[in-house]
Amino acid sequence: MKKIIIADDEHKILMSLEYSFKKNGYDVYIARDGTEVLDFLKTMVPDVILLDIMMPNLDGYSTLDIIKQDEKFKDTKVIFLSAKNNPKDIEKGLEMGANAYVTKPYSIKKLIQQIEELF
């Protein structure tokens, strides 16, 4: 079972993504900001991290930067899921090392399909 951390500060988004990924056979962990993601990473190596960019405490860019510094997460797929849809934001996210960048609003079906294609 693939492990996914979903990081977003919007409750409705978290709930719908959690439900959909569990339905598709994922082991789901929920984080409300980057610091919660890093807490999970102390005890596990997920297959996928779905990161919002605009979150309190530690944003998605900073979280990705920290993740990329640790060799044990080199095979973990990181996907930005953000309302920041400016081409410069997308370019920045991909240049930082994200495996994909999905803008809100999004199709959960397409999102899951896109993640599956990364493996």
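Note that the coordinates shown come from a computational prediction; the quantities given were computed from them, not determined experimentally.

Chemist: I'd like to hear about helix α4 (residues 87-95), residue by residue, with values.
Modeler: Near the N-terminus of α4, the side chain that reaches the backbone nitrogen of K88, with its oxygen 2.7 Å away, is that of N86. Phi for G97, located one or two positions after α4, is positive at around 115 degrees.

Chemist: Describe in detail the nonpolar core, supporting the description with residues and values.
Modeler: By size, the foremost hydrophobic cluster in this structure holds 20 residues, and its most contacted members are I5, V37, L41, I49, L51, I67 and F80. Broken down by secondary-structure element, the contributors of at least two residues to this core are β1 (3-7), α2 (34-41), β3 (48-51), α3 (60-68) and β4 (77-82). Beyond its immediate chain neighbours, meaning those up to four positions away, L51 contacts A7, V37, G60, T63, L64, V78, I79, F80 and L81. The next biggest cluster of nonpolar side chains, apart from the first, holds 18 residues, and it includes I4, L17, F21 and L81.

Chemist: An account of the UniProt feature "domain: Response regulatory" (unreviewed entry) in the protein is requested, with residue identities and associated values reported.
Modeler: Here the UniProt feature "domain: Response regulatory" (unreviewed entry) sits at residues 3-119. Taken end to end, residues 3-119 has its terminal C-alpha atoms 13 Å apart, with 42% of it in helix and 21% in strand.

Chemist: Lay out the sheet that holds strand β2 (residues 27-31) with the relevant residues and their values.
Modeler: Taken in spatial order, the 5 strands line up as β2-β1-β3-β4-β5 in an open sheet, and their pairing is parallel. Only two strands of the sheet have a single partner each, and these edge strands are β2 and β5 (100-103). Pairs of neighbouring strands in the sheet enclose a mean axial angle of 20 degrees, with direction left out of account. As defined by bridge partners, β1 adjoins β3 across 4 bridges and the pair is classed as parallel. Looking across to β3, one finds that I5 is bridged to I49.

Conventions adopted
Think of each chain on its own: its residues are numbered from 1, step by step along the sequence as written. For a predicted model such as this one, the threshold for reporting local features is a pLDDT of at least 70, and the threshold for listing and counting side-chain atom pairs is 80 or more; totals across whole chains, interfaces and linings nevertheless cover every residue. By convention in this description, side-chain values take in all heavy atoms of the structure and omit both hydrogens and water. N or O atoms closer than or at 3.5 Å make up a polar contact, with two conditions inside protein: a donor-capable atom paired with an acceptor-capable one, and, for residues adjacent in sequence, both atoms drawn from side chains. Numbered from the N terminus, helices here are DSSP runs of H or I no shorter than four residues, and strands are runs of E no shorter than two. As used here, the term nonpolar core means buried Ala, Val, Leu, Ile, Met, Phe, Trp, Tyr and Cys residues forming a set that is joined through side-chain atoms within 4.5 Å. Each residue is placed in one exposure class: buried if its accessible area under a 1.4 Å probe, protein chains only, is under 20% of its type's maximum, exposed if it is over 50%, and partly exposed if it falls in between. By definition in these notes, contact holds between two residues if any of their heavy atoms fall within 4.5 Å. UniProt positions are given in the numbering used here, feature names are shortened, and annotations may be inferred rather than shown by experiment. At least two bridges found by DSSP between two strands is the condition for calling them paired. As a rule, the C-alpha atoms of each element are fitted with a line to give its axis, helices using only the stretch in contact, and angles between N-to-C directions run from 0 to 180 degrees.

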